[in-house]
Amino acid sequence: MSWSEWADAVEIEPSIYASDFSRLGTQLEALHGAGARVFHFDVGDGRFIPEITIGPVVLTSISPFVRGWGAKLDCHLMVAEPERHFEAVSRAGGDSVTFHVEACDDPPRAVAAARSLGLGAGLAFNPATAVADAVAASGGVDLVLCMSIHPGYSGQAFMDEALGRIAELRAALPVEVRVQVDGGINTKTARAARDAGADLLVAGSAVFWSDDPGAAFGDLVEVVRA
């Protein structure tokens, strides 16, 4: 299967890093019931970003029931030497890996390594990286992720300058390559990101920090699909 089969034309991806880990299974089940088809899984190693987040142990624990629902796990690797982690992600039940252009010396090799493990492949880039540099490195990927915050902790505000970068990215990529945005997505920013050209919108605190994550997810879906 491919991203064209996993995700709708516009998809809200709940970001698991923002969840309440004491209630993770319950929250994921509620989100699936509300219509979530793709879950975003952030991995940070304390090197590429200061934070150490979640990794294959958590992925292994949730992937059987996420896959049982027919949903997918989209793994965003905010790590140095990302290729070293692809096999672990695959074994743990991930469906796709997105690596940062700033952390990878050879993006085509990384894409090939992901494909060899049956994984989807994405390329991410930070706010300080030129859109043109990301586009130049994006050959063969399924998606390009434009960070609308500095990668790391949840709850950061959306950077308004990301809208122009999303639009530039969408204009430069082949139509079949998805444009993802991650950081500060909520009911006030999601529509603007969508209008700029993003079709995969990652939402963490806006979903999981709500008293009712399923309802919050539904509100975001309504905003972007209106």
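Relevant structure appears above.
Residues numbered from 1 in each chain as written. Predicted model: local features only at pLDDT ≥ 70, side-chain atom pairs only at ≥ 80, totals over all residues. Heavy atoms only, no water.

Undergrad: Residue-level account of the overall build of the protein chain, with values.
TA: On a plain count of helices and strands, the protein chain comes out with 10 helices and 8 strands. For the protein chain, whose C-alpha radius of gyration is 16 Å, the value lies close to the compact-globule estimate of 17 Å for 226 residues. By its C-alpha atoms, the protein chain is 40 × 35 × 35 Å across when sized along the principal axes. By the burial criterion, 56% of the 226 residues in the protein chain qualify as buried. Intrachain contacts of the protein chain at a sequence separation of at least 6 include 65% that bridge at least 24 residues. Counting every atom, the protein chain has about 9,200 Å² of accessible surface; 52% of that belongs to carbon and sulfur. The average position of the 16 basic charges and that of the 30 acidic charges among the side chains of the protein chain differ by 3 Å. (Helix = DSSP H or I, 4+ residues; strand = E, 2+ residues; numbered from the N terminus. Rg over C-alpha atoms; globule rule 2.2 N^0.38 Å. Buried < 20%, exposed > 50% of the residue type's maximum accessible area, 1.4 Å probe, protein only. Contact = heavy atoms within 4.5 Å. Areas by Shrake-Rupley, 256 points an atom, 1.4 Å probe, with all protein chains shown as cover. Lys, Arg positive; Asp, Glu negative; His and termini not counted. Charge placed at Lys NZ, Arg CZ, Asp CG, Glu CD.)

Undergrad: Would you mind going over the side chain of Ser-138 in detail, with residue names and values included?
TA: Residue position: Ser-138 is located in the loop between helix H6 (131-136) and strand E6 (143-147). The residues touching Ser-138, leaving out its near neighbours within four places in the chain, are Leu-123, Val-144 and Leu-173.

Undergrad: Explain the nonpolar core residue by residue, including any values.
TA: Soluble, globular proteins show a tendency: their nonpolar side chains are buried together. Within the largest apolar cluster, 61 residues are counted, with the highest numbers of intra-cluster contacts made by Ile-16, Phe-39 and Leu-201. When residues in this core are grouped by element, the largest group, 4 residues, is from helix H10 (residues 213-225). Excluding anything up to four places from it in sequence, Ile-16 contacts Phe-21, Leu-24, Leu-28, Phe-39, His-40, Phe-41, Ile-54, Ile-62, Leu-73 and Phe-208. Membership of the second largest hydrophobic core comes to 10 residues, among which are Trp-6, Ala-7, Ile-149 and Leu-200. (Core = buried A, V, L, I, M, F, W, Y, C linked by side-chain atoms within 4.5 Å.)

Undergrad: Can you tell me about helix H7 (residues 162-172), naming the residues and giving the values?
TA: Buried residues of H7: Ala-162, Arg-165, Ile-166 and Leu-169, and no others. Down the axis of H7, the smallest arc covering the buried residues is 100°, so these residues share one side. Buried positions along H7 lie against strand E5 (120-125), H6, E6, strand E7 (178-182) and helix H8 (190-196). (Arc of directions from axis to C-beta.)

Undergrad: Quick one: what's the story with the pattern of salt bridges, residue by residue and with numbers?
TA: Using the criterion set out here, one finds 11 salt bridges in the structure. Arg-23 is paired through a salt bridge with Asp-20; the nearest N and O atoms lie 3.1 Å apart. Under the relative-accessibility criterion, Asp-20 is labelled partly exposed at 29%. One salt bridge connects Arg-115 with Asp-142, and the closest N-O pair in it is separated by 2.9 Å. Taken as a pair, Arg-115 in helix H5 (residues 107-116) and Asp-142 in the loop between H6 and E6 lie far apart in primary sequence, 27 residues in all. Judged by relative accessible area, Arg-115 falls into the partly exposed class, the value being 37%. Members of the salt-bridge network, linked through shared partners, are Asp-8, Glu-11, Arg-37 and Arg-225. (Salt bridge = Lys/Arg side-chain N within 4 Å of Asp/Glu carboxyl O.)

Functional significance is not addressed by these values, which are geometric in nature.
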